[in-house]
Amino acid sequence: MQYQNLEDLISHSSSSRRFFLSLPVPVQRKLHERHSGYIHNALELHARVDALNRQQYLETLGGWR
């Protein structure tokens, strides 16, 4: 099912809400601030979280140089 945005998704999908609330607060904030309008279903929510995790990992690697 498609929703208008992240807020709509977590308001109407209990499994998406549980997943979202299991995330660290900084990740929750980033999703709300930068990605909310691009998340319309659970698959997109998981994909955005994966992308944020990959980005954070790559930034960590870059800091080791």
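Bear in mind that the values here come from a model prediction, so they are computed numbers and not experimental data.

(A) Structural view of the side chain of N41. Structurally, the position occupied by N41 is in the loop between α3 (25–35) and α4 (42–62). A distance of 3.1 Å separates a polar atom in the side chain of N41 from the backbone nitrogen of L43. Once residues within four sequence positions are removed from consideration, N41 is found in contact with M1, Q2 and L9.

(B) A look at the nonpolar core. Membership of the largest hydrophobic core is limited to twelve residues, which are Y3, L6, L9, I10, F20, L23, V27, L31, I39, L45, V49 and L52. Counting residues per element, the ones that place at least two in this core are α1 (6–12), α3 and α4. Discounting residues that sit within four places of it in the chain, L6 has contacts with F20, L31, H32, S36, I39 and L45.

Calculation rules
Residues numbered from 1 in each chain as written. Predicted model: local features only at pLDDT ≥ 70, side-chain atom pairs only at ≥ 80, totals over all residues. Heavy atoms only, no water. Helix = DSSP H or I, 4+ residues; strand = E, 2+ residues; numbered from the N terminus. Polar contact = N/O pair within 3.5 Å; in protein donor to acceptor, adjacent residues only side chain to side chain. Contact = heavy atoms within 4.5 Å. Core = buried A, V, L, I, M, F, W, Y, C linked by side-chain atoms within 4.5 Å. Buried < 20%, exposed > 50% of the residue type's maximum accessible area, 1.4 Å probe, protein only.

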